[in-house]
Structure formats: C-alpha cells, structure tokens
Amino acid sequence: MGSYKHITCGLGSMKIIANNQHNDILGKRIELVKLQVKDCNDEFNKTRLQERLGKLESGISVISVGAATEIEMRERKLRIEDAINAVRAATAEGIVPGGGIAYMSASKYIEQNTVGGRILAKSLESILRKILVNADEKPRIVIKKLKTSKNDNYGYNALDKNFGDMIESDIVDPAKVIKQVIRNATSAAATLLTTQGMIVNSFT
C-alpha cells in the first residue's frame, strides 16, 4: 500500500494522508478522471466521478451542521447544500455580478423594437426591482442611476445600502445559474402563450 504521512482512526471511519512520493502517478490519474468527467453523459456517474476527482485533488472538506431543533437543522442543511451547488456551478462556468445586476445587464443586449423584446427586458429588470422593494428602496431611482454607469459590475448593495462594484464587494452569482433561470423562464412563458388558459393558486 506504500507509505503514509498521517493516519486518523475513528469509530466508523479512517483517514490516510499520503506523502508526496507518488505525485506523478497521482497527476496522471487526476487527468484521466478529468477526461472521464468530460466524456460522461450520465449525471449520476458524472457526480461520482467529480467526487472522486475532488478526493484525488485533496479538495476534501467536511461540514458539520448542528442546531437546537430538527427543523432548524434541516433549514441549515438546505442552505449549505445550496451553497455547495452554487460553488460547483461557479467552478463550471464562472461568476457574474450578483444582486440582480447580471439580469439587468443582459436586458441591455435585447432587441427592444418588438413587444416580446420589451417584455423580456422588463422582466429581467423585475428581479432587481424586487430586491430593491424588499430593501425598502425606490426601484425607479436606483435603476435609473445604475443604467447610467458604464461599468456592468456596478450595482446596489441592499445590505449595506450603498453603490459599488458587485464583484469587488463579493456579491456574485454563478453564471450557469443565471443562464438556466433565463432559459427556464422564457421556456415557461413561451409554453404559456400557446395555451388557452391556466390554473393558479389564489392567495386573496
């Protein structure tokens, strides 16, 4: 089995930390697994390969979740799972400015000489508008100021109540998530337009 650097034994698990003796062999194995991940079309197998790749690259982390009640623990666990999935998405396709700025920036590149284009552009702005309403701000004034900026990263920090570069303020979203949100929303809207009616839940 070779030599090791450190071993930690527990009741139900054991961690073996290897030395750097076989770095060349390990590097070749990492490259092989990366190719397997790239060529894999099955999501289940792809997830397993990505986990294996993370372990081979020493990208292992253990997150312990605890809370006073089971309901609180579930809520915390879901938040952590969302954060992990966001990091994976960001690793795959990079990041964009958060706080609804990426959606508003995307609306600038939509041809608005048609009714559909104007509706889509307005819809993309509505995400930022909702954030501002929840922050007790006036959306019309803030959005007007943001549109005058030539910096696509320039946005409004609803938590600190100030303007600035979203990337520098560490307010970011995974690019992959933004793309999927727009794709799914436009797909749902296009499907809705071809129907003669719809059923919604009434909260009034």
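Here the structure is shown first, and the text comes after it.
None of the values given here were measured: they were computed from a predicted structure. (Residues numbered from 1 in each chain as written. Predicted model: local features only at pLDDT ≥ 70, side-chain atom pairs only at ≥ 80, totals over all residues. Heavy atoms only, no water.)

**Student:** So what's going on with the overall build of the protein? Which residues, and what values?
**Tutor:** Along the protein, the regular secondary structure elements total 7 helices and 6 strands. From first element to last, N terminus to C terminus, the protein shows the α and β order β-β-α-α-α-β-α-α-α-β-β-β-α. Long-range pairs, those at least 24 residues apart, make up 42% of the contacts in the protein between residues at least 6 apart in sequence. If you sum the accessible surface of the protein, you get close to 15,800 Å²; carbon and sulfur atoms cover 56% of it. Separation between the mean location of the 30 positive side-chain charges and that of the 23 negative ones in the protein comes to 3 Å. (Helix = DSSP H or I, 4+ residues; strand = E, 2+ residues; numbered from the N terminus. Contact = heavy atoms within 4.5 Å. Areas by Shrake-Rupley, 256 points an atom, 1.4 Å probe, with all protein chains shown as cover. Lys, Arg positive; Asp, Glu negative; His and termini not counted. Charge placed at Lys NZ, Arg CZ, Asp CG, Glu CD.)

**Student:** Go over the pairing of strand β1 (residues 4–9), please, and point to the residues and values.
**Tutor:** Along β1, only 0 of the 6 residues are buried, which leaves the element largely exposed. Taken together, β1 and the strand that follows it, strand β2 (residues 14–18), pair antiparallel across an intervening segment of 4 residues. (Buried < 20%, exposed > 50% of the residue type's maximum accessible area, 1.4 Å probe, protein only. Pairing = 2+ DSSP bridges.)

**Student:** Please provide a residue-by-residue account of the nonpolar core, values included.
**Tutor:** Membership of the largest hydrophobic core is limited to 9 residues, which are Ile-101, Met-104, Leu-128, Leu-132, Val-142, Ile-143, Leu-146, Tyr-156 and Met-166. Residue assignment for this core shows that the elements contributing at least two residues are α4 (101–107), α5 (115–134) and α6 (139–147). A per-element tally of this core places α6 first, with 3 residues. Residues within four places of Ile-143 in sequence aside, it is in contact with Met-104, Glu-125, Leu-128, Arg-129 and Leu-132. If you look at the next biggest cluster of nonpolar residues, it comprises 7 residues, including Ile-30, Val-37, Cys-40 and Leu-53. (Core = buried A, V, L, I, M, F, W, Y, C linked by side-chain atoms within 4.5 Å.)

**Student:** Give me a nonpolar patch on the surface: which residues, what numbers.
**Tutor:** Taken together, the side chains of Tyr-4, Ile-7, Met-14 and Ile-16 define a hydrophobic patch exposed on the protein surface, amounting to about 410 Å² of accessible area. Within the residue set of the nonpolar patch, elements represented by two or more residues are β1 and β2. Mapped onto the secondary structure, Ile-7 falls in strand β1. (Patch = residues over 30% accessible without salt bridge, like charges linked within 9 Å, V, L, I, M, F, W, Y side chains within 5 Å. Salt bridge = Lys/Arg side-chain N within 4 Å of Asp/Glu carboxyl O.)

**Student:** Go over helix α1 (residues 23–39) with me, naming the residues and quoting the values.
**Tutor:** A rise of 1.5 Å per residue sets the reference length of α1, with its 17 residues, at 24 Å; its end C-alpha atoms lie 24 Å apart and thus fit the reference within 8%. When we look at burial in α1, the residues that qualify are Ile-30, Val-33 and Val-37. Looking down the long axis of α1, one finds its buried residues gathered within 65° of arc, a one-sided arrangement. Facing away from the buried side of α1, by more than 90 degrees, are the exposed residues Asp-24, Ile-25, Lys-28, Leu-35, Lys-38 and Asp-39. Buried residues in α1 make contact with α2 (43–56). (Expected span 1.5 Å × (residues − 1). Arc of directions from axis to C-beta.)

**Student:** Could you give an account of the pattern of salt bridges, naming the residues involved and the relevant values?
**Tutor:** Counted according to the given criterion, the structure contains 9 salt bridges. For Arg-79, the salt bridge identified is with Glu-75, shortest N-O distance 2.3 Å. In this pair, Arg-79 and Glu-75 both sit in helix α3 (residues 70–93), 4 residues apart, roughly one turn of the helix. Taking relative accessible area as the criterion, Arg-79 reaches 58% and is therefore assigned exposed. For Glu-75, a relative accessible area of 36% puts it in the partly exposed group. Salt bridges sharing partners connect three or more residues here, namely Glu-125, Arg-129 and Lys-147.

**Student:** I'd love a proper account of the environment of Lys-34, names of residues and values included.
**Tutor:** Mapped onto the elements of the fold, Lys-34 is located in helix α1. Taking the C-alpha atoms as reference points, Lys-34 and Arg-52, 18 residues apart in sequence, are found 9.9 Å from one another. When residues no more than four places from it in sequence are discounted, the contact partners of Lys-34 are Leu-53 and Glu-57.

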